Amino acid sequence: MPSYEFRCRSCGDTFEVNRPMAQASDPAVCPDGHDDTVKLLTTFATPGRAAAPAVSAPAPAAGGCCGGGCCA
């Protein structure tokens with residue numbers, strides 16, 4: 001179940017609420033009982049491998065050939 005982060009405007013406390021995505025925009029009550037809260041924008045990151053370095057193409061042969069064949 002997704003976790004959503006909220007901040008209480010009354011006391012400044014930040015807290016998380018676990019709820020279904022269908023209820024993501026529903027208001028939340030602060031653990032201290034305040035109802036003036038705002039949902040925070042959270043970022044999401046997944047661990048993984050870094051992208052492999054790009055492999056450069058071999059340098060073209062000198063001599064003025066175009067498209068891989070010699071011009072006649």
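A quick note: this is a predicted structure, and the numbers were derived from the prediction, not measured.

Draft legend 1. Looking closely at the nonpolar core. Among the nonpolar cores identified, the biggest contains eight residues, and these are Tyr4, Phe6, Cys8, Phe15, Val17, Ala24, Ala28 and Cys30. Those elements that place two or more of their residues in this core are strand 1 (3–8) and strand 2 (14–18). When residues in this core are grouped by element, the largest group, three residues, is from strand 1. Residues within four places of Ala24 in sequence aside, it is in contact with Tyr4, Phe6, Arg19 and Lys39.

Draft legend 2. Examining the side chain of Arg19 more closely. Checked against the element boundaries, Arg19 lands in the loop between strand 2 and strand 3 (37–39). Although Arg19 lies buried, it forms no salt bridge, and the closest oppositely charged side chain, Asp26, sits 5.2 Å away as judged by the N-O distance. Among the polar contacts made by the side chain of Arg19, one reaches the main-chain carbonyl oxygen of Gln23 at a distance of 3.1 Å. Not counting chain neighbours up to four residues away, the residues in contact with Arg19 comprise Met1, Pro2, Tyr4, Phe6, Ala24, Asp26, Pro27 and Ala28.

Draft legend 3. Expanded view of the environment of Arg9. Here Arg9 shows up in the loop between strand 1 and strand 2. With relative accessibility at 57%, the residue Arg9 sits in the exposed group. Residues contacting Arg9, with those up to four places away along its chain left out, are Asp36, Thr37 and Val38.

Draft legend 4. Summary view of the pattern of salt bridges. All told, the structure shown has one salt bridge when counted by the stated rule. Across the salt bridge formed by Asp36 and Arg9, the nearest N and O atoms sit 3.6 Å from each other. Placement of Asp36 in the loop between strand 2 and strand 3 and of Arg9 in the loop between strand 1 and strand 2 is noted, with a sequence separation of 27 residues between them.

Draft legend 5. Examining the sheet that holds strand 2 more closely. If you walk across this open sheet you meet the three strands as 2-1-3, and the pairing is antiparallel. The strands lining the two open edges of the sheet, one partner per strand, are strand 2 and strand 3. When the angles between neighbouring strand axes are averaged without regard to direction, this sheet yields 35°. Bridging between strand 1 and strand 3 involves three bridges; their strand directions are antiparallel. Opposite Phe6, over in strand 3, you have Lys39 as the bridge partner.

Draft legend 6. Local environment of the packing of aromatic side chains. Within the structure shown, the criterion is met by one aromatic pair. A centroid spacing of 5.9 Å and a plane angle of 15° characterise the contact between Phe6 and Phe15, whose relative ring orientation is stacked. What makes Phe15 buried here is its relative accessible area of 8%.

About the cut-offs
- Residues numbered from 1 in each chain as written.
- Predicted model: local features only at pLDDT ≥ 70, side-chain atom pairs only at ≥ 80, totals over all residues.
- Heavy atoms only, no water.
- Core = buried A, V, L, I, M, F, W, Y, C linked by side-chain atoms within 4.5 Å.
- Buried < 20%, exposed > 50% of the residue type's maximum accessible area, 1.4 Å probe, protein only.
- Helix = DSSP H or I, 4+ residues; strand = E, 2+ residues; numbered from the N terminus.
- Contact = heavy atoms within 4.5 Å.
- Lys, Arg positive; Asp, Glu negative; His and termini not counted.
- Salt bridge = Lys/Arg side-chain N within 4 Å of Asp/Glu carboxyl O.
- Polar contact = N/O pair within 3.5 Å; in protein donor to acceptor, adjacent residues only side chain to side chain.
- Pairing = 2+ DSSP bridges.
- Axes fitted to C-alpha atoms, helices over the stretch in contact; angles between N-to-C directions.
- Phe/Tyr/Trp six-rings, centres within 6.5 Å; stacked < 30°, edge-to-face > 60°.

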